[in-house]
Amino acid sequence: AHLCGCSDVGSGSRERHPNSILYSILSGRNSGYLDGKPDRSRRHNCHCEGTRTVGLKDPKVTYQVASSLMVQTFCFIQGLPSFCQLPSEDQALLLRHCWVHLFVLGLAQQRIALEVTEAPDSSILRQILLGPGLTEQDHHRPTLAEVHRLRTVMNHLWTLGLGPKEYAYLKGALLFNPAVPGLRASTVIRGLQKEAQGALREVVHLLHPGDASRFSRVLLAASSVQSVSHQLVSQLLLKPVLHDTFYIY
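Now for a description of the structure that goes with this document. (Residues numbered from 1 in each chain as written. Predicted model: local features only at pLDDT ≥ 70, side-chain atom pairs only at ≥ 80, totals over all residues. Heavy atoms only, no water.)

In this section: the nonpolar core. Core analysis: the biggest nonpolar cluster contains 60 residues, and Phe-83, Leu-94, Phe-103, Leu-157, Leu-175, Phe-176 and Leu-237 have the highest contact counts within it. When residues of this core are traced back to their parent elements, those giving at least two are β1 (54-56), α3 (59-78), α5 (88-109), α8 (144-160), α9 (164-175), α10 (186-207), α11 (214-225) and α12 (230-237). The element contributing the most residues to this core is α5, with eleven residues. Those residues within four positions of Leu-175 in sequence are excluded, and the remaining contacts are Ile-77, Leu-80, Phe-83, Leu-94, Cys-98 and Leu-102. (Core = buried A, V, L, I, M, F, W, Y, C linked by side-chain atoms within 4.5 Å. Buried < 20%, exposed > 50% of the residue type's maximum accessible area, 1.4 Å probe, protein only. Helix = DSSP H or I, 4+ residues; strand = E, 2+ residues; numbered from the N terminus. Contact = heavy atoms within 4.5 Å.)

Attention now goes to the packing of aromatic side chains. As enumerated under the stated definition, the model contains zero aromatic pairs in all. Here the guanidinium or amino end of Lys-171 rests over the ring plane of Phe-76, the centre of that ring lying 5.3 Å away. (Phe/Tyr/Trp six-rings, centres within 6.5 Å; stacked < 30°, edge-to-face > 60°. Lys NZ or Arg CZ within 6 Å of the ring centre and 35° of its normal.)

What follows deals with the side chain of Asp-90. Along the chain, the position of Asp-90 falls in helix α5. At 5.5 Å, Arg-184 is the nearest oppositely charged side chain to Asp-90, a buried residue that forms no salt bridge. A polar side-chain atom of Asp-90 sits 2.7 Å from the main-chain amide nitrogen of Ala-185. With residues near it in sequence (within four places) discarded, Asp-90 still touches Gly-182, Leu-183, Arg-184, Ala-185 and Ile-189. (Lys, Arg positive; Asp, Glu negative; His and termini not counted. Salt bridge = Lys/Arg side-chain N within 4 Å of Asp/Glu carboxyl O. Polar contact = N/O pair within 3.5 Å; in protein donor to acceptor, adjacent residues only side chain to side chain.)

See below:
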């Protein structure tokens, strides 16, 4: 699957993947992940620590790092010949489902620490004056509990001390997910996932021959990555990408 490299994307591949596809994925068009529906679990205005809204402590720097990482993530994906040979519809479905998972792995691989600060809550008076639109927007603000969950996932990966090859094959195992609904080539994708997992197992055993349980722990860490919400990543780290045209090709 050539998961460790990031080859240049040819012009034919660029024509199959116009900017509009990437932008629609990031902005949530035709996707249930970023559909802007309010979280029913937060309908009450609870001010306990877990539901406190937060923002980036240094947004300018963090946005630049996150944008660069997003480019690297899609470069990695487009550099996989096995991915580019899939039907274009399947490529779009896999990207919509998996890009956040690979992005979080990139955050962990580059050991990017997220510094947040508590965001001031909108006053009741402002909510009344500005109408229900403000209240609904507040429901989408990242919470301290979500950030804690992301940090826990990253700490789990850092504790394992994964190397570049382990990260590469782990990304492949998450990208090629045959369980994504609507795939045309699910059988092929299932084979690609098994190939990535097999390569990951070989690398783990080669690098850590005396650690029999490491492969299972790596897969468990990969499972925890999927607990990070698309909404958290998009709202906390990629707001400028969602509001502006994002050119990657």
